[in-house]
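# A closer look at the structure
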Amino acid sequence: MRIGTPREIKNHEYRVGLTPAGVRELCAHGHEVFIEAGAGLGIGIADEAYVRVGATILPTAAEVFATAEMIIKVKEPQPAECAMLRPHHVLFTYLHLAPDPAQTKALVDSGCVAIAYETVTDARGGLPLLAPMSEVAGRMSIQAGAHAMEKAQGGNGVLLGGVPGVPAAEVVVIGGGVVGYNAARIAVGMGARVTILDRSLARLNWLDTTFDGRLTTLYSTVDAVETSIARADLVIGAVLVPGAAAPKLVTREMLGLMAKGTVIVDVAIDQGGCFATSKPTTHQEPTYLVDGIVHYCVANMPGGVAHSSTFALSNATMPFALALADKGYRKALLDDPHLREGLNVHHGRITYKAVADVLGYDYLPPQEALKA
Ligand SMILES: NC(=O)C1=CN([C@@H]2O[C@H](COP(=O)(O)OP(=O)(O)OC[C@H]3O[C@@H](n4cnc5c(N)ncnc54)[C@H](O)[C@@H]3O)[C@@H](O)[C@H]2O)C=CC1
Ligand SMILES: CC(=O)C(=O)O
Ligand SMILES: [Mg+2]
């Protein structure tokens, strides 16, 4: 198969869809790989490193799209990239369609087959292609939040870990999955007082055991959210209903319960965010104020630590990329029900139920789409 990876073009996005190690694997399996010139430069991977393991460098994204059958990327395709997608293309990348009607329409209109990293599942009910970036974003959310708490950034001037004689910050994490666990781990490690909310009792049980008394777990209700955010210095939004738009757990009115200068880091922003007042921001301008509350809503947080993130992501995507290339997308998806969960768009039809429901498309089950 001919596989292409363009340079990422989202704001301050330096991750790259394939590493030289990945290219080497694909070439060893008999595939041809085409990389856009400079795609890895942001993290110090020169074009020659790709050439040495068998890739061909093409000068522009347009040539990569025109040459490749499968496109492996990191971020959801931007409008200029959607315009280059054709019905013969398989697109393998993050999509986050539920909060993004424009991208969804562009993918439907393109006629391509689009497989989303974030909805691929595993046998334990996890999301193996989202997890590595959730680990990164969860850990980063505390360093981003601590920075935003500084006065010059609009924050309340509280030091995350406190100092002897002065209490540490109160950190509230809403959603105790991969992002939430990793955020809590860093916050606890830095000496903050941490409360974590989830609506899964099994997950709260696991968190309680894992942290062995070093944080407070709380069952997530409207009441618990209100009480917690009212005394927080930093709130991390980390909920997910896979593939669906994030539930709005903190309303505009509830911001009034919080002291001015409190910081929210809405990691769930890529699925629309769990604060009603969240809107996506960029690494260039990561924060804004609403009612004196600092909002950090960067939709591609791991892009900020693109070096670590690229390798973490490609470790996870590689086996699936190889299956898609070796077997062709249809057989790969028919053989593997977990990879099949990633199928969001198939030749003009929406094949992921939560996306179809929220955006008003007819849903076509993947099994049926793949029969044709
Ligand atoms: N902004 C960014 O750059 C990045 C964003 N993300 C996003 O972060 C979000 C969280 O991802 P993960 O932690 O991997 O998901 P996950 O599935 O591991 O965890 C989500 C947790 O939310 C809980 N939850 C669902 N509804 C809830 C409610 N009403 N109250 C409390 N908890 C609730 C679930 O029980 C689950 O434990 C996702 O939207 C993901 O796409 C992930 C990586 C990077
Ligand atoms: C998961 C995601 O949105 C990211 O890594 O940018
Ligand atoms: Mg994102």
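Under an unreviewed UniProt entry, the name given to the chain is Alanine dehydrogenase, and the source organism is Solimonas terrae. Entered under Catalytic activity (unreviewed entry) in the UniProt record, the comment concerning the chain runs "L-alanine + NAD(+) + H2O = pyruvate + NH4(+) + NADH + H(+)".

Taken together, the neighbourhood of ligand 1 is formed by 36 residues, with S134, G177, V179, S220 and M301 sitting nearest. For the shell around ligand 1, the residue count by class is 22 nonpolar, nine polar and five charged.

When the UniProt feature table is mapped onto this chain numbering, "active site" (unreviewed entry) sits at H96 and D270. In sequence the annotated residues extend across 175 residues, while in space they remain close, none of their C-alpha pairs exceeding 6.4 Å. Mapped onto the elements, H96 comes out in the loop between β5 (90–93) and α5 (101–110). Look past the residues within four positions of H96 in its chain and what remains in contact with it is E76, E118, D270 and Q271. The residues contacting D270, other than those within four sequence positions of it, are H96 and A299.

Here the focus is the site of ligand 2. Close to ligand 2 lie Y94, L130, M133, D270, N300 and P302, which account for all nearby residues. Looking at side-chain class alone, the shell around ligand 2 contains four nonpolar, one polar and one charged residues.

Feature annotation in UniProt places "binding site: substrate" (unreviewed entry) on R15 and K75, given in this structure's numbering. A maximum C-alpha distance of 8.7 Å places the annotated residues, which cover 61 residues in sequence, within one compact spot. Following the sequence through the fold, R15 ends up in the loop between β1 (2–5) and α1 (20–28). Sequence-distant contacts of R15, defined by excluding residues within four places in its chain, comprise E8, V74, P302, G303, A306, S309, T310 and L313. Relative to the elements of secondary structure, K75 occurs in the loop between β4 (70–72) and α4 (79–82). A tally of 22 C-beta atoms within 10 Å means that K75 is categorised as buried. In this view, K75 contacts E8, K10, E13, T93, Y94 and N300; residues no more than four positions away in its chain are not counted.

As a further point, take the domain arrangement of the chain. Split into domains, the chain comes out as domain 1 (2–119 + 305–371) and domain 2 (133–299). Centre-to-centre separation of domain 1 and domain 2, based on C-alpha positions: 31 Å. Facing 15 residues of domain 1, the contacting portion of domain 2 comprises 13 residues. Mapped by element, the contributors of at least two residues to the side of domain 1 that touches domain 2 are α10 (306–327) and α13 (353–359). Per-element accounting of the side of domain 1 that touches domain 2 gives the leading share, four residues, to α10.

About the criteria used
- Along each chain, the written sequence defines residue order, and numbers are assigned to residues from 1.
- Chain A is the first chain written and ligand 1 is the first ligand written, with later ones labelled in order.
- For this predicted model, a pLDDT threshold of at least 70 governs which residues receive local features, and a threshold of 80 or more governs which side-chain atom pairs are given and counted, while totals over whole chains, interfaces and linings are taken from all residues.
- UniProt positions are given in the numbering used here, feature names are shortened, and annotations may be inferred rather than shown by experiment.
- Throughout this description, a residue near a molecule or strand is one whose C-beta atom, derived from the backbone, lies within 6 Å of it.
- For this scheme, ten residues count as nonpolar: Ala, Val, Leu, Ile, Met, Phe, Trp, Tyr, Cys and Pro. Four count as charged, namely Asp, Glu, Lys and Arg, and the remainder, Gly too, count as polar.
- Numbering of helices and strands runs from the N terminus, with a helix taken as a DSSP run of H or I at least four residues long and a strand as a DSSP run of E at least two residues long.
- Residues are scored as being in contact if the C-beta atoms we place from backbone atoms lie within 7 Å.
- Whether a residue is buried, exposed or partly exposed follows from its count of other C-beta atoms within 10 Å of its own C-beta, namely 20 or more, 12 or fewer, or something in between, respectively; the C-beta atoms are built from the backbone.
- Delimitation of the domains relies on an automatic or database domain assignment.

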